[in-house]
Amino acid sequence: MRKPLFPIAIITCLIIQADAHAQNELKLEKRYNIRGNTGIKGYDPVAYFVSDKAQKGSKKIQYTHDGVIYRFTSKSNKQLFIGDPEKYLPAYGGFCAHGVGHDGKRFNVNPKAFKIIDGKNYLFWKRFIYDAIKRWDKDEEHLKINVDRNWKKLLGKE
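Note that the coordinates shown come from a computational prediction; the quantities given were computed from them, not determined experimentally.

**Thoughts on the pattern of salt bridges**
Move 1: If you walk through the whole model with that rule in mind, you get 5 salt bridges.
Move 2: Its salt-bridge partner being Asp-66, residue Arg-31 comes within 2.0 Å of it at the nearest N-O pair. Remark: Asp-66 occurs in the loop between strand E3 (58-65) and strand E4 (68-72) and Arg-31 occurs in helix H1 (residues 6-31); sequence separation between them is 35 residues.
Move 3: We classify Arg-31 as partly exposed; its relative accessible area is 32%.
Move 4: Given the relative accessible area of 37%, Asp-66 is considered partly exposed.
Move 5: Two residues, Lys-144 and Asp-118, come together in a salt bridge whose shortest N-O distance is 2.6 Å. Of this pair, Lys-144 sits in helix H7 (residues 140-154) while Asp-118 sits in the loop between strand E5 (110-117) and strand E6 (120-124); the two residues are 26 residues apart in sequence, bridging distant segments of the chain.
Move 6: Given the relative accessible area of 68%, Asp-118 is considered exposed.

Structure, rendered in structure tokens:
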């Protein structure tokens with residue numbers, strides 16, 4: 001008696017699809033500091049520039065760019081982002097700029113710890129007694145050289 005191949009084909013397709021999804025998420029996590037596909041821990045990437053402060057975005061006003069969900073405080077901020085995402089995306093995928101520049105590693109950030117440098121939003125880790133912005137400021141010139149080179153290595157582009 002012949003066994004039907006249809007159930008085996010479906011299971012095989014589901015396994016392949018699950019593997020592809022897992023690989024895609026891994027790629028996203030290498031390039032972006034995300035939590036459940038949400039960038040900047042839900043903070044509005046445009047608010048850093050238009051308000052000069054970190055503001056939590058709304059789940060009701062969000063947009064997906066390159067597989068990452070970004071939330072906004074207003075529809076106008078969302079439209080600004082859609083018009084020029086590269087302008088508003090945090091540098092180094094939203095990982096701690098000091099960590100990438102100094103250690104060549106991806107570290108989490110406190111979205112309230114930021115610095116706009118040459119039109120890009122650099123995010124930093126800041127908690128209790130550790131303040132990566134202060135460490136960055138002590139050696140910014142040297143770290144700015146390292147951070148770009150290290151980021152390329154972390155992405156496997158060097």
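**Describing the packing of aromatic side chains**
Move 1: Using the criterion set out here, one finds 10 aromatic pairs in the structure.
Move 2: Ring geometry for Phe-49 versus Tyr-88: centroids 5.4 Å apart, planes at 80°, classification edge-to-face. Linking Phe-49 in helix H2 (residues 47-50) with Tyr-88 in helix H4 (residues 85-88), this pair joins segments that are 39 residues apart in sequence.
Move 3: We classify Phe-49 as partly exposed; its relative accessible area is 25%.
Move 4: On the basis of relative accessible area, Tyr-88 is assigned to the buried category, the value being 5%.
Move 5: Here Tyr-63 and Phe-81 contribute two aromatic rings whose centre-to-centre distance is 6.1 Å and whose plane-to-plane angle is 70°, an arrangement assigned as edge-to-face.

What counts and how
- Residues numbered from 1 in each chain as written.
- Predicted model: local features only at pLDDT ≥ 70, side-chain atom pairs only at ≥ 80, totals over all residues.
- Heavy atoms only, no water.
- Salt bridge = Lys/Arg side-chain N within 4 Å of Asp/Glu carboxyl O.
- Helix = DSSP H or I, 4+ residues; strand = E, 2+ residues; numbered from the N terminus.
- Buried < 20%, exposed > 50% of the residue type's maximum accessible area, 1.4 Å probe, protein only.
- Phe/Tyr/Trp six-rings, centres within 6.5 Å; stacked < 30°, edge-to-face > 60°.

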